[in-house]
Structure formats: C-alpha cells, structure tokens
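Here is how the chains run, residue by residue.
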Amino acid sequence: MTSVRRPPAPRVVIVGGGLAGLAAVSQLVDRGLEITLLESRPRLGGRASSFIDPATGELVDNCQHVSMACCTNLADFRARVGVADLMRRTPEIVFLDTAGRVSRFRAGILPAPFHLTGSFLKARFLSLLDKLAIARGLAALARPLASPPGETFAQWLARHGQTPRAIAFFWSPVLVSALNEQLDRMDVGHARKVFVDGFLRNREAFEPEIPTVPLGDIFGTRLERWLANNEVMVRFTTGARSIEIDGEGGLVGVTTRTGELLPADFVILATPFNRVGDLIPAALRDRIWAVEAAASLEASPITGIHLWFDRPVCPFDHVVTPGRLIQWVFNHTAIQGRSAPGADQSEYLQIVVSASYELVRLDKAAVLERVLEDLAAIWPESRSAVLLRSWVVTEHGATFAVRPGVDHDRPRQRTAIDGLFLAGDWTATGWPATMEGAVRSGYLAAEGILQDLDRPTRLIRPDLPTSWLARWLLE
Ligand SMILES: Cc1cc2nc3c(=O)[nH]c(=O)nc-3n(C[C@H](O)[C@H](O)[C@H](O)COP(=O)(O)OP(=O)(O)OC[C@H]3O[C@@H](n4cnc5c(N)ncnc54)[C@H](O)[C@@H]3O)c2cc1C
C-alpha cells in the first residue's frame, strides 16, 4: 500500500490580537492553515479590552465601546466567534440638552432617509432656524461632495450656513464621538460617511449597539475559548520584533522579541500604525510604502471616566449631553446590572469625552473635578451622592486622527512583499478608526491570503440595504 503524503499546511502568523487580527483569524480557521496569533500583552482585544481593577478584582473597560447597526462586518465577526449575544441593540439615541430637556431620536414610519424626521422636528434643543440649516446641510451632504482639498468639516459647515447652535448641539455631538476628532481638524469625506451610512441610507443603521458585559468578557475570555476550540495557537506576552526576509526578498517569517524565529508562508501585521515601522527591517522600508504612510498619521485621544456613586444619579441607560465637556454618559448599572461590590444601591456610570485634547494636559484629579462639576450641572443630586470609586483613563493614541485627506496615508492590506499583509483600523478600509474598520481590515487581509492560495473568496459583508427612496435621492 502506498501512503499519500499530504502537502504541509500553509503557515500563517498574525501579529496582534486586537479586533483586526482576530477578525482575520476568524476567517482563516477551518481552511487547512496552521495559524499562530502573537499578542504582546497578556490579553486579547487590543484597544477594545478591559483591565482588572486591583482594588475590587472587577473588569473595567479601557473605555466604553459602542457600535451601530450599520457595522455589518463587526456583526458578522461577532456571530462567527459566538459573542453576538453580548451587545444589545437599542432603538433610540437620547439627547439631554443644557436646559435639562430630553429629546429622543427614534425611527418613525417614513422610509430612510426621512425615518428620523419626526424625532428631528420634535428635538427641543434646536430652534426652527437651526433645523432649517441642518436640513440644508444634510441635503448637501447627501449629494456627491465638491470640497476643496484640505477643507475641514468646520469650514464646510460655515460654507453651508450652519448656525452656531446647530454646530454645537447637532453636528459636533454626532461627529466628534463617531470620528474622535474635532470639527476644525476633521476630514469632510469621513463626516459625510457618518451621516450617509449611519443616518440616511437605512432606517436601522443609526441604532446603537452597546456591550452588556465588560469588553474583556467579549473579546477576551469568550474569544480565547473560541480560538482554543478552533485549534488556533495563541501566544500571549509574545511580542514580534521583526519580520524576516531572505536574500532574495522572500518572506521567511517573524522573529519574536526573545529571538525565536517563527517560519511563515503568510504574515499579517495587525498592530497599531505607530508600531508597524519597527517590525519592518530597515532594508525593506523603501519597498513598503505603509511605513512612510504610517509615519504621516497622527493620533487622537479619548478620555473615559468611570464613576461609582453610592446611589442612583442618572435616570437613563445612555444619554448624549450636547454643549458640555461630558459628551456621553453610559449607565452600567442599567445596561450591565453592575454596581460597586458590596453596595447594592450604588450606580456605575461611564463618561466619555472623545477628541479630549483639552483634557490630556490635565492630571487625573483635575479631569475628575471638571467632570464631576459638569455632572452636577446635569444632575444636581450627584453633589450629595458619595463617590465611592473612580478611574480616569486617557488613551492618548486612541485612534488615528481623521484629518483632511487622511485616506491618502492609509495603505492597502497587501504589501509589496509576497505573503506579507497589513491589518488594523488605520489601513485602507474607507472607515474611520472603529471596531468595524478593524474587522474589515482583518477580513481584507484574509481575502488577500485566500487569493494567493488560489481560493479567492469575498469575505467583506454587504452594507445594510439602501431604502428605495434613499437610493433615488442619494445615488
Ligand atoms: C478609548 C477608546 C474608545 C473607543 N471607542 C470606540 C467605540 O465606541 N466604537 C468603535 O467602533 N471603536 C472605538 N474605538 C476604536 C477601536 O477600539 C479600534 O478601532 C479597534 O479596536 C482597533 O483594533 P485593531 O486590531 O486595529 O488595533 P488594536 O486594538 O490596537 O490591536 C493591536 C494589537 O497588537 C498588539 N501588538 C502591538 N505590537 C505588537 C507586537 N510587536 N507583537 C505582538 N502584538 C503586538 C497590541 O497589544 C494590540 O493588542 C475606541 C478606541 C479607544 C482607544
């Protein structure tokens, strides 16, 4: 009897266990590949992860993460790895203005793009003049853009006659949190994308999806179990030092920081943009435009403030607070059923300040003081509540900054080196730095590998369908 020798499985090394690397893995398992995932930290999830509070042993998110129903690839990834049940879709976005008035944005009976018209007309924090200006602005955004190169979205808004209140109470709250950038540094195309894809095409697209457990449970524990069940070799606290190339410029593999060589037929570098340059040998930097591109990107900060009060303070599960330092409040007691250990009546809130350039200069105590002051202006009863515990977490490099023209500096996932791919929210996906963008980049890198193996497969999921009326008006 002759034994048939099967060819060895192609070896794939993925560097970085954030959502981009994990998404690539999720598409490459079960395809006869030998997959190794290297993660320099002791946990998965990258920027979408939690840390353990040493005082209580509880998981605390590095920052609140929210998705939207239009994030179809993130939804696909969550379903693929069995964590779809750990985020909850909510049908409305609640705004609380500086006069204490509540406005709820919820889809009405009209088809997209007019599904939010009823809520918009009822919004109490905008005057008729503001609303007319915003309607004109949205109509202009719906059409293909004719924006001069280098124009910021603040300049675009001024050119389209927006009122100061429309800017401060409408455009800014939506866009600063969606894009993590201030309007006067923001790319116009990305701002348009948020409104077109998130609010105009499909009636469900805007609906927020909020984690019901800490991020560490979603993209950490559960993912680890799924990876083990799918025979993926995960190596924690194993940083990659460099990719290795032979004398003819062919990919050899990856060396770890301890000097171990991991041979590979394919490598995906799924690290943040400011790490990728270090991993590419100096001799190759000219061949990989991504290194130069990554060096041109800038970072934008986000500050998350976790507060545990001894009693309820916030009557919402989430609320947007336009016109304030605080931008969003998430009530983890209402959403996740969490309170301070040993204090059943306590309430756990997380405050988010995106593009927090103003706060990065302050120390944690000063940030806390300013946030508590703002919170007391919203809910005066918080003054008499006892603050049991708090955390101030500023991620200085939370996302790449969506400055005008930023997409020119975002490289594709395929590089000039055969077998070497990039992934990460910063690579060319057309999306801003989001979980959806990270997942898309991982899927695109995996598509590249499958193509090279002569098994071309479309992995990117389609967008939500565009309503007939939106198709007619937008395209
Ligand atoms: C504070 C904050 C709030 C955010 N809020 C939202 C939100 O509400 N909604 C949303 O959609 N997105 C949000 N984001 C953005 C989102 O978290 C990111 O876009 C996404 O998680 C990026 O995933 P990634 O895999 O591209 O990168 P990362 O998550 O950065 O993953 C890269 C991984 O590579 C590892 N690594 C780096 N160098 C090496 C090396 N040499 N060897 C091995 N491993 C290495 C890192 O440890 C990390 O785990 C937020 C981000 C932050 C920081």
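Quick caveat: nothing in here was measured; it's all calculated off a predicted structure. (Residues numbered from 1 in each chain as written. Predicted model: local features only at pLDDT ≥ 70, side-chain atom pairs only at ≥ 80, totals over all residues. Heavy atoms only, no water.)

**Quick word on the overall build of the protein**
Scanning the protein for helices and strands turns up 15 helices and 20 strands. Here the protein, with 475 residues, has 56% of them falling under the buried criterion. Within the protein, contacts between residues at least 6 apart in sequence are counted, and of these 70% link residues at least 24 apart. Element-wise, carbon and sulfur atoms account for 53% of the exposed surface of the protein, whose accessible area totals about 20,500 Å². Both charge centroids of the protein, one from 51 positive and one from 52 negative side chains, sit 4 Å from each other. (Helix = DSSP H or I, 4+ residues; strand = E, 2+ residues; numbered from the N terminus. Buried < 20%, exposed > 50% of the residue type's maximum accessible area, 1.4 Å probe, protein only. Contact = heavy atoms within 4.5 Å. Areas by Shrake-Rupley, 256 points an atom, 1.4 Å probe, with all protein chains shown as cover. Lys, Arg positive; Asp, Glu negative; His and termini not counted. Charge placed at Lys NZ, Arg CZ, Asp CG, Glu CD.)

**Re a positive patch on the surface**
Together, Arg41, Arg43, Arg257 and Arg275 line one region of the surface with positive charge. One can find Arg275 in helix 9 (residues 273–279). (Patch = residues over 30% accessible without salt bridge, like charges linked within 9 Å, V, L, I, M, F, W, Y side chains within 5 Å. Salt bridge = Lys/Arg side-chain N within 4 Å of Asp/Glu carboxyl O.)

**What about the domain arrangement of the protein?**
Taken as a whole, the protein is organised into domain 1 (11–55 + 214–297 + 403–452), domain 2 (92–206) and domain 3 (299–400). Counting residues at the interface gives 17 residues for domain 2, matched by 20 residues for domain 3. Between domain 2 and domain 3, roughly 1,600 Å² of surface is buried when both sides are summed, and carbon and sulfur atoms account for 60% of that area. Linking domain 2 to domain 3 there are zero salt bridges. For the interface between domain 2 and domain 3, the tally reads 10 residue pairs in polar contact (both at pLDDT 80 or more). Elements that contribute at least two residues to the side of domain 2 that touches domain 3 include exactly strand 7 (92–96), strand 8 (102–106) and helix 6 (164–179). Here the side of domain 2 that touches domain 3 is built from residues that sort into nine nonpolar, four polar and four charged. (Domains from an automatic or database assignment. Buried area = accessible area lost by both parts, 1.4 Å probe. Polar contact = N/O pair within 3.5 Å; in protein donor to acceptor, adjacent residues only side chain to side chain. Nonpolar A, V, L, I, M, F, W, Y, C, P; charged D, E, K, R; others polar.)

**Describing the environment of Gly405**
Along the chain, the position of Gly405 falls in the loop between strand 19 (387–400) and strand 20 (420–422). The sequence separation of Gly405 and Gly189 amounts to 216 residues, and the corresponding C-alpha distance is 8.5 Å.

**Some thoughts on the pattern of salt bridges**
For the coordinates displayed, the defined rule picks out 29 salt bridges. In this structure, Asp76 and Arg461 form a salt bridge, with 3.8 Å as the shortest nitrogen-oxygen distance. Placement of the pair is Asp76 in helix 2 (residues 72–80) and Arg461 in the loop between helix 14 (435–452) and helix 15 (468–474), with a sequence separation of 385 residues. Residue Glu436 is joined to Arg440 by a salt bridge in which the shortest nitrogen-to-oxygen separation is 2.7 Å. With a gap of four residues between them, Glu436 and Arg440 both fall in helix 14, about one helical turn apart. For Arg440, a relative accessible area of 9% corresponds to the buried category. Shared partners join several salt bridges into a network, and the residues in it are Arg78, Arg89, Glu204, Glu207 and Glu209.

**Considering the side chain of Ser119**
Relative to the helices and strands, Ser119 is located in helix 3 (residues 117–122). Judged by relative accessible area, Ser119 falls into the buried class, the value being 10%. Within the local environment of Ser119, its side chain forms a polar contact with the backbone oxygen of Arg104, the two atoms lying 3.3 Å apart. Non-local contacts of Ser119, meaning those with residues more than four positions away in its chain, are made with Arg104, Phe105 and Arg106.

**Description of unusual backbone geometry**
Residue Pro113 is reached from Ala112 by a cis peptide bond, and omega for that bond is 15°. By the element assignment, Pro113 lies in the loop between strand 8 and helix 3. The backbone phi angle of Thr237 is positive, close to 45°, even though this residue is not glycine. Tracing the backbone shows Thr237 in the loop between strand 10 (233–235) and strand 11 (240–245).

**Comments concerning the site of the ligand**
Around the ligand sit 35 residues in total, of which Glu39, Arg47, His65, Val66 and Asp425 are the nearest. Leu19 is positioned with one of its backbone polar atoms (N or O) 3.1 Å from an oxygen atom of the ligand. Between the ligand and Thr434, the relevant distance is 3.3 Å, taken from an oxygen atom to a main-chain nitrogen or oxygen of the residue. Coverage of the ligand by the protein amounts to 94% of the 1,000 Å² it exposes when considered alone. Of all elements in the fold, only helix 1 (19–28), strand 19 and helix 14 reach the threshold of two or more residues within the shell around the ligand. Its residues assigned to classes, the shell around the ligand comprises 16 nonpolar, 13 polar and six charged. Built from parts of two domains, the shell around the ligand gets at least three residues from each of domain 1 (11–55 + 214–297 + 403–452) and domain 3 (299–400). (Near = heavy atom within 4 Å.)

**Regarding helix 7 (residues 188–200)**
Every α-helix winds through 3.6 residues per turn, so residues three or four apart in the chain are directed the same way. Within helix 7, 10 of the 13 residues are buried, leaving the element largely enclosed by the surrounding structure. Turning to helix 7, its buried residues number three or more, namely Val188, His190, Ala191, Val194, Phe195, Val196, Asp197, Gly198, Phe199 and Leu200. Check the buried side of helix 7 and you find it contacts strand 5 (67–68), helix 4 (128–142), helix 5 (153–159), helix 6 and helix 15. At the N-terminal end of helix 7, a side-chain oxygen is found 3.2 Å from the backbone nitrogen of Gly189, two or three residues along, and the residue is Asp187.

**Description of the environment of Gln182**
Tracing the sequence through the fold places Gln182 in the loop between helix 6 and helix 7. Considered as a pair, Gln182 and Ser172 are 10 residues apart in the sequence and their alpha carbons are 7.7 Å apart. Not counting residues within four places of it along the chain, the set of residues in contact with Gln182 comprises Val176, Ala355 and Tyr357.

**Here's the deal with the sheet that holds strand 13 (residues 261–263)**
Strands sit in the order 11-12-13 across an open sheet of three strands; the sheet is antiparallel. On the outer flanks of this sheet lie strand 11 and strand 13, each paired with one strand and no other. Recorded for the sheet is a direction-independent mean angle of 25° between the axes of neighbouring strands. Taken together, the five bridges between strand 11 and strand 12 (residues 251–256) define a ladder with antiparallel strand orientation. The residue of strand 12 that forms the bridge with Ile243 is Val254. (Pairing = 2+ DSSP bridges. Axes fitted to C-alpha atoms, helices over the stretch in contact; angles between N-to-C directions.)

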